[in-house]
Amino acid sequence: MMAFEVRAARTEGEVAQAYEVATRVFGPNYHESRATKDRMLRLEPPTDLRDLLVAVAGDEVVGVLRIVDRDVELGSGVARVGGITTGAVRPDFRRSGCGWKLFEASIERSRERGDLLSIGFARRAMDGYYPRLGYVGLGGHVKNTYTVPSAQGDNPAIVTAFDPELIGAYGAAYDNTYGGLTMRFMRTTSWWASLRDRSPWLRADGFVTVMVEDTPAGYYVEHGGTVMEAAWLPGQMPLVASAVLAGARARRSELSTSLSPSHPLSATLAALNHTTSMRRAWDGGHIVRIVDRDGLAALLAEHCSADERAAWRSFDVRSHVDARNLLMLAAAGSMSSPPVWSELDAL
């Protein structure tokens, strides 16, 4: 096996090689994988090549790991996050330490960027690999199934497709509904503008806009028969809930959701007959690593006592147990129920 070097990409040619490696690794359908990687690169091109880390052997890229800009809400503040994505190593370079070195380089790069956290999307902290790098699997997997009652009275809601002219309303609805939920991802206007292009099913009927006459009330997102996200503008929750139920009623007698138990709609729907399948685990959801312990402590100082702040200095963020305990403190005690992120966050 040839020796390799891990460093930042230097040219657009290396970027293209890196995404070709990811395409072939993530297959197995090359053309579908290529379309996905091309779409990701088009929607979120690397503006700083230092955020695209490559393993290079000779003049060939054999591994890649990319950092994208994200922010999550923590307490009353916002934590800057380095989002880990497009991680891949060519099969003939596996078990060479290539993946490990790419992650080590990404942590160092996140530190340079000023990230407080490093988050890998939709990965599991399994087989001891990520915990040894200081990552904790953080999140829950939820599925609720409800019996949908028959229609009662008129439903004034009108449902339409995603409308690019309404991205301001979508963002306001998301902030209104998800604001305050544990470690929710912040969303920019450009994120909303590119949402429909992030996945083919969103361009079909996956995103549903709820309107009252000509005024937006909110939206919900459904895929594979499951509602994965729902949000509304102030005072419009009953209309969005009615639209969700009406949509389920038109196609089947049951409604499935993957909404967090702390999501406001979950409490409303709980009054219906339902079953719950819940897995809350420290190896589920996304993987999270604390990059800047002191910066995180400063952000959350108002939520911690002086003794707790002093205790932070004794934690080793490379330790799986310590990292988990730190993240529990970071969420001001609410992490005993890990966050359940929307699947849209991983797109």
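Thresholds applied
Residues numbered from 1 in each chain as written. Predicted model: local features only at pLDDT ≥ 70, side-chain atom pairs only at ≥ 80, totals over all residues. Heavy atoms only, no water. Phe/Tyr/Trp six-rings, centres within 6.5 Å; stacked < 30°, edge-to-face > 60°. Helix = DSSP H or I, 4+ residues; strand = E, 2+ residues; numbered from the N terminus. Buried < 20%, exposed > 50% of the residue type's maximum accessible area, 1.4 Å probe, protein only. Core = buried A, V, L, I, M, F, W, Y, C linked by side-chain atoms within 4.5 Å. Salt bridge = Lys/Arg side-chain N within 4 Å of Asp/Glu carboxyl O.

Undergrad: Please clarify how the packing of aromatic side chains should be interpreted in this entry.
TA: Tallied over the entire structure, the rule returns 12 aromatic pairs. Geometrically, the ring pair formed by Phe-103 and Tyr-135 is edge-to-face, given 5.7 Å between the ring centres and 85 degrees between the ring planes. Of this pair, Phe-103 sits in helix α3 (residues 98–113) while Tyr-135 sits in the loop between α4 (129–132) and β6 (136–147), and the two are 32 residues apart along the sequence. The same class applies to Phe-103 and to Tyr-135, which are both buried.

Undergrad: So what exactly am I meant to see when it comes to the nonpolar core here?
TA: Here is a general trend for soluble globular proteins: nonpolar side chains tend to be buried in one another's company. Grouped together as the largest cluster of nonpolar side chains are 60 residues, with contacts concentrated most on Leu-117, Trp-192, Phe-207, Tyr-219 and Leu-255. Counting residues per element, this core draws most heavily on helix α8 (residues 237–251), which supplies seven residues. Ala-57, Phe-93, Cys-98 and Ile-107 belong to the second largest nonpolar core, which has 17 residues in total.

Undergrad: Which parts of the structure should I look at to understand the pattern of salt bridges?
TA: Between side chains of opposite charge, a pair can form as their charged atoms come close. Under the definition given, this model contains 24 salt bridges. Across the salt bridge formed by Asp-48 and Arg-50, the nearest N and O atoms sit 2.8 Å from each other. Residue Asp-48 is classed as partly exposed on the basis of its relative accessible area of 21%. Since its relative accessible area comes to 47%, Arg-50 is described here as partly exposed. As a salt-bridge pair, Asp-51 and Arg-109 come within 2.8 Å of each other at their nearest N and O atoms.

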